[in-house]
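Geometric and topological summary
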Amino acid sequence: MPNGKRILDKKIYVIGIVFVLALFLFVVMKTEFLSLSFFGENEGGRLVIARHSDSISLDPAIVTDFESFQVSANIYECLVTTDNNGVEILPGLAKSWEVSEDGLKFVFKLRENVVFHDNTPFDAEAVVFNFERWMNEESPYHIGQFIYWNQSFGGNPGLIKSITALSKYTFEIVLNEPYTPILSVLAMPAFGIASPTAIIKYNEDLKTHPTGTGPYILKEWSDTGRVELVYNEKYYKKHSGVSELVFETLSTEEDALQALETGDIHIINQIDERDVETISDLKYADVYYMPFLNISYLAMNHSKKPFDNLLVRQAISHVVDRDELITTSYDLMSRPAYSFLPPTVFGYNEGFKTYTYDIEKGKDLLAKAGYPHGFETTIWVMDQPRTYYPYPKKVATYLQEQLALIHINAEIVEVKWDEYLESVRLGEHDLAIVGWQGDYADPDNFLYTMFNSSDDTIGSGLNYSYYSNGDVDELLKKGRRTADKEFRSFIYRDLQQILVDKMVGLPLAHTMMALGVNNHVKDFEPHISGMIYAVNIELDENDE
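Treat the numbers as computed from the prediction; the structure is a model and nothing was measured.

As for the layout of surface pockets
Over the atoms rolls a probe the size of a water molecule, and in doing so it shows where empty space is left. By volume, the largest pocket is sized at about 620 Å³. T81, K237, Y533, V535 and N536 are, among the 27 residues lining the largest pocket, the residues nearest its centre. Those elements that provide at least two residues to the lining of the largest pocket are β2 (80–82) and β3 (89–91). Taken together, the residues of the lining of the largest pocket sort by class into twelve nonpolar, nine polar and six charged. Empty space within the second largest pocket amounts to approximately 450 Å³. In terms of lining residues, the second largest pocket is bounded by 23 residues, among which T180, P181, S184, D442 and R488 are the most central. Mapped by element, the contributors of at least two residues to the lining of the second largest pocket are α5 (182–186) and α16 (485–501). It is α5 that provides the largest number of residues to the lining of the second largest pocket, a total of three residues. Per-class residue counts for the lining of the second largest pocket are 14 nonpolar, five polar and four charged.

Some thoughts on the pairing of strand β16 (residues 408–415)
Relative to β16, strand β15 (residues 375–382) runs parallel, the two sharing eight bridges. Across the sheet, the residue bridging to T378 is E411, located in β16. Note on the crossover from β15 through helix α12 (residues 392–404) to β16: the handedness is right-handed.

Here's the deal with the packing of aromatic side chains
Under the defined criterion, the tally for this structure stands at 25 aromatic pairs. Each ring, one from W149 and one from F153, has its centre 4.3 Å from the other, and the planes form 25°; the classification is stacked. Of this pair, W149 and F153 both sit in helix α4 (residues 147–153), separated by four residues, roughly a single helical turn. Accessibility expressed as a relative area gives 1% for F153, which makes it buried. Aromatic side chains Y297 and F340 sit 5.4 Å apart centroid to centroid with 85° between the ring planes, which places their arrangement in the edge-to-face category. Pair noted here: Y297 is in strand β13 (residues 294–300) and F340 is in the loop between β14 (334–336) and α11 (359–368), with a separation of 43 residues, a long-range link.

Considering empty space enclosed by the protein
Inspection of every chain in the model, using the stated rule, returns four cavities of 30 Å³ or more. Empty space within the largest cavity amounts to approximately 290 Å³. In terms of lining, the largest cavity is formed by 25 residues, of which the most central are T64, D65, F66, Y388 and Q437. When residues of the lining of the largest cavity are traced back to their parent elements, those giving at least two are α2 (66–72), α13 (417–425) and β17 (431–437). Ranked by residue count, the leading element in the lining of the largest cavity is β17, at five residues. Along the lines of polarity and charge, the residues of the lining of the largest cavity split into 16 nonpolar, six polar and three charged. Size it by volume and the second largest cavity reaches roughly 90 Å³.

A look at the pattern of salt bridges
Tallying each qualifying case throughout the model produces 18 salt bridges. Between K305 and D308 there is a salt bridge, with its nearest N and O atoms 3.1 Å apart. Its relative accessible area of 68% is what places K305 among the exposed residues. Note that R425 and E422 form a salt bridge whose closest N and O atoms lie 3.1 Å from each other.

Looking at the packing of helix α14 (residues 444–451) against helix α15 (residues 470–481)
As a packed pair, α14 and α15 sit with axes 11 Å apart at the nearest point and diverge in direction by 150°. Taken together, the axis directions place α14 and α15 in an arrangement best described as roughly antiparallel. For α14 against α15, the interelement crossing comes out left-handed. Residue-level inspection shows D444, L447, Y448 and F451 of α14 in contact with α15, the latter providing V472, D473, L476 and R480. Grouping the amino acids of the contact of α14 with α15 by side-chain chemistry returns five nonpolar, no polar and three charged.

Structural notes on the nonpolar core
Counting residues in hydrophobic clusters, the biggest one holds 121 residues, and the most contacted among them are F171 and I433. Among the elements that take part in this core, helix α3 (residues 124–135) stands out by supplying seven residues, more than any other. In contact with I433, other than residues within four places in its own chain, are Y297, L298, I379, W380, V381, M382, Y389, V395, A396, L399 and Y420. One finds F247, V517, F524 and V535 within the second-largest nonpolar core, a separate group that totals 30 residues.

Quick look at the pairing of strand β4 (residues 94–99)
Relative to strand β5 (residues 105–110), β4 runs antiparallel, the two sharing five bridges. Opposite W97, over in β5, you have F108 as the bridge partner.

Overview of unusual backbone geometry
In this structure, the amide linkage connecting K305 to the following residue, P306, adopts the cis form with an omega of 5°. For P306, the position within the fold is in the loop between β13 and α9 (310–317). The phi angle at N113 is positive, at roughly 60°, despite the residue not being glycine. Of note, N113 is situated in the loop between β5 and α3. A positive phi is found at N119, a non-glycine position, where the angle reads about 75°. By secondary structure assignment, the location of N119 is in the loop between β5 and α3.

Quick word on the sheet that holds β17
Taken in spatial order, the six strands of this open sheet run β14-β18-β13-β17-β15-β16, and their pairing is mixed. With partners counted over all chains shown, the strands left at the sheet margins are β14 and β16, one partner each. Between one strand and the next, the sheet's axes are offset by a mean angle of 30°, whatever the strand orientation. Examined bridge by bridge, β15 and β17 share two bridges and lie parallel to one another. In the sheet register, I379 faces β17, and the bridge partner there is L431. Against the sheet, α12 touches β13, β15, β16, β17 and β18 (505–511), its axis set at about 165° to β16.

Thresholds, definitions, all that
- Residues numbered from 1 in each chain as written.
- Predicted model: local features only at pLDDT ≥ 70, side-chain atom pairs only at ≥ 80, totals over all residues.
- Heavy atoms only, no water.
- 1 Å grid on protein atoms, 1.4 Å probe; cavity = no way out; pocket = protein on both sides within 12 Å on 5 of 7 lines; lining within 4 Å.
- Points joined across faces, edges and corners; volume = space filled by probe spheres on them.
- Helix = DSSP H or I, 4+ residues; strand = E, 2+ residues; numbered from the N terminus.
- Nonpolar A, V, L, I, M, F, W, Y, C, P; charged D, E, K, R; others polar.
- Pairing = 2+ DSSP bridges.
- Right-handed = clockwise from strand over helix to strand, strands pointing away.
- Phe/Tyr/Trp six-rings, centres within 6.5 Å; stacked < 30°, edge-to-face > 60°.
- Buried < 20%, exposed > 50% of the residue type's maximum accessible area, 1.4 Å probe, protein only.
- Salt bridge = Lys/Arg side-chain N within 4 Å of Asp/Glu carboxyl O.
- Axes fitted to C-alpha atoms, helices over the stretch in contact; angles between N-to-C directions.
- Parallel < 35°, antiparallel > 145°, perpendicular 65-115°, else oblique.
- Left-handed = near helix turned anticlockwise from the far one by under 90°.
- Contact = heavy atoms within 4.5 Å.
- Core = buried A, V, L, I, M, F, W, Y, C linked by side-chain atoms within 4.5 Å.

Structure (structure tokens):
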């Protein structure tokens, strides 16, 4: 008879082998599944970018928020682009251009054999169609607020005299007056060229059906704030390797940091100093910094009393101790702002006089303005962090406490981000925590954007202080017309002093943008504006 114990041992041995093989296959299959879900099935893989807020619209012509531009900049392309420092102008959809001696005529030679995502051919007529949509308020496709066009070109006719398709691939712009930063302006994501066919088909719904010539095509935009893009196989430039691009809206910071280390997220946009400290200790991730190219400030609504009174605005300026503000309400990547121009931009004035911290002086000025016992007001603040506000509610709370010292009782009004921009644009605020992230390194992008009086009409622009001054307007226009950089610097230095003297708003801080980047991301060079162009990024899934 067979030995019963030996048969049992053999059965146990066989069962053990089967179990080990099954476990091995499970691990292999799971690893393969994770690899495919993380890097995608196509060669090059999936790049996942985490962000704090969802996009408002994917039609770049009608938005101003960073999260919308961050996505659309990978879908659309502009006539020209800039280097990562935001200074040198590089070819985009235009491969070359010529400028007349008087600076009024620009002739662009366009790329040939380029198609939009819907197979519509890209040519000069397509460019003209886009310009007509942006500038012509009578166009049936001019639906929404074209804020960037209005503040950059002055509406219609504004700076543009004519736009003409000279041939199939030659496009001409003629200006009414010289506009020195025009090429930098045309490089902004707001002026991405859209398919005329898609504009006609979707019109207002282009915001959810973006159709450009860029390297990525919209696959899905979910209610959770997740945007998925796939590589455009017809793209005319070399493919870096990223086949899928995903933007995830953060649920919790802790989950995002853990996902960054494991590689489930490759880049976290806009991290604060606590995250910097955490990421610096991670083995598989690094921190990338970008220079100061923003301003956070307190907008005082000049269209409402008592903020139309200079003495009131000056009184408020004396309640802020900027060093204390940075310590309590910002982070170590921030610096006090005394001007509306960041120090990285030419024309920054280091020597102008500003208002010092002086509570008693604030009380005296308020009494002279006719408010010895103060008054009640509101401070509006967004509910989510921005590149220029790591902790917006903390800033509002600090200002509330400081204003109370001169008997101004300010109620904090916290508004959801997707509603906030529209509310302050409509002038609903008294005081508002606002800011500006630069698109390119030119003072015009800051000072004209925030303070030209053509933008002081309720709902029309980005002049959230609703400030109007003919002398300021003339200097802003002179800065645009002048080609000499040194002379432009003098103009903008004078402008900064006037804006502070008139206390049009209260500059608070400049912040350094920081990104958390997983080591799978290779040769990463962020743009000074904070835009991430995935087509230039390579992923190495084997890096350990």
